[in-house]
Amino acid sequence: MKNVQAVAFFDLDGTLLNDKSQITPEITKAISGLKANNILPMIATGRTVVEIEPIMRDSGIDSAIVMNGQFIQVEGKKVYSDEFTYEECMKMYEHVKSLGHEISYYNDQQIWCSGHSEILANAYAFIHSDVPIIDRSSLKNKTVNMMLVLSEDGDEHYLKHFPEMTFYRNGPYSIDTVRKGVSKGTGVNNLFKTLALPKVPTFAFGDGINDLALFEACDNKIAMGNARTELKERSSYITKKNTEGGIVHALKHFDLI
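We now turn to the structure provided with this report.

1. With respect to the environment of Ile-61
Within the secondary structure layout, Ile-61 lies in the loop between α3 (49–59) and β3 (64–66). The class of Ile-61 is buried, set by a relative accessible area of 1%. Sequence spacing of Ile-61 and Thr-194 is 133 residues, and the spatial spacing of their C-alpha atoms is 19 Å. Among residues more than four places away in sequence, those in contact with Ile-61 are Phe-10, Leu-16, Ile-31, Lys-35, Pro-41, Met-42, Ile-43 and Met-56.

2. Overview of the sheet that holds strand β8 (residues 133–134)
Within a beta sheet, neighbouring strands are joined by backbone hydrogen bonds and run either parallel or antiparallel to one another. With respect to topology, 6 strands assemble into an open sheet ordered β8-β7-β6-β9-β11-β10, the strand pairing being mixed. In this open sheet, the two edge strands, each paired with only one partner strand, are β8 and β10 (165–171). Taken together, the 5 bridges between strand β6 (residues 102–106) and strand β9 (residues 146–150) define a ladder with antiparallel strand orientation. Among the inter-strand pairings, Tyr-105 is bridged to a residue of β9, identified as Met-147. Against the sheet, helix α4 (residues 86–98) engages β6, β9, β10 and β11 (174–179), with an angle of about 155° to β6.

3. A look at the pattern of salt bridges
For the structure on display, the rule yields 12 salt bridges. With a shortest N-O distance of 3.4 Å, Arg-57 and Asp-58 are connected by a salt bridge. In this structure Arg-57 comes out as exposed when scored by relative accessible area, which is 59%. Several salt bridges share partner residues, and in doing so they unite Asp-11, Lys-184 and Asp-211 into one network.

4. Description of the side chain of Ser-63
In this structure, Ser-63 sits in the loop between α3 and β3. By relative accessible area, which is 0% here, Ser-63 ends up buried. Within polar-contact distance, the side chain of Ser-63 engages the backbone nitrogen of Glu-75 at 2.8 Å. In this structure Ser-63 touches Leu-40, Pro-41, Met-42, Ile-43, Met-56, Gln-73, Val-74 and Glu-75, once residues within four positions along its chain are discounted.

Criteria and thresholds
- Residues numbered from 1 in each chain as written.
- Predicted model: local features only at pLDDT ≥ 70, side-chain atom pairs only at ≥ 80, totals over all residues.
- Heavy atoms only, no water.
- Helix = DSSP H or I, 4+ residues; strand = E, 2+ residues; numbered from the N terminus.
- Buried < 20%, exposed > 50% of the residue type's maximum accessible area, 1.4 Å probe, protein only.
- Contact = heavy atoms within 4.5 Å.
- Pairing = 2+ DSSP bridges.
- Axes fitted to C-alpha atoms, helices over the stretch in contact; angles between N-to-C directions.
- Salt bridge = Lys/Arg side-chain N within 4 Å of Asp/Glu carboxyl O.
- Polar contact = N/O pair within 3.5 Å; in protein donor to acceptor, adjacent residues only side chain to side chain.

Remember, this is a structural readout, not a statement about activity or role.
Printed below as a string of structure tokens:
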């Protein structure tokens, strides 16, 4: 953490990863180049640490804002954690089951779910991840940083009944659920507050709706060529697609490597 000259935040799917949700050798080399230039690379994702361990290993990145800002680790060490109460988890569980949906629970160490379904299987296949184990034991002594609603519908119901939470539909089969106001952007702010980092340039790389808050919190906003229109409209630079070397292209454009 000494002599940090800038911080670069990377979304994963559609951004840092290729079309098979993998890290390419070109990305690994680029991350090494960032570190050599005293630039701190960080993953910023809706996923949790245990899910992205292979990605972190292959990329050489050991710092991350995960679960859409609910948890932060720097150089492998926890520096921030926002956790749901038992009561909040139970209220969500009751509504999820009443609509015939399933729910997954996340902390930095593990993921478990209320039950398996075709929609749940589709959700994890969509991001090339394993289906979590079923655990219906009490949540009373468990740490829950994020909940994932497995559904193709019900968005309006959750928004109406849970004004104290923020929902990010991350694909056709699932909805990231975090505390109201929590985002990748607040994760950036909490990172700087917690570590008392000096004011250095920040770079955000993304392609999806949940990257809008990340863009707002960073000085330089880089949209992938495959990014949503809403993100491109708010970007300061549009690079190539993630499958066309977009990350490396942008890093060279900004003289970061």
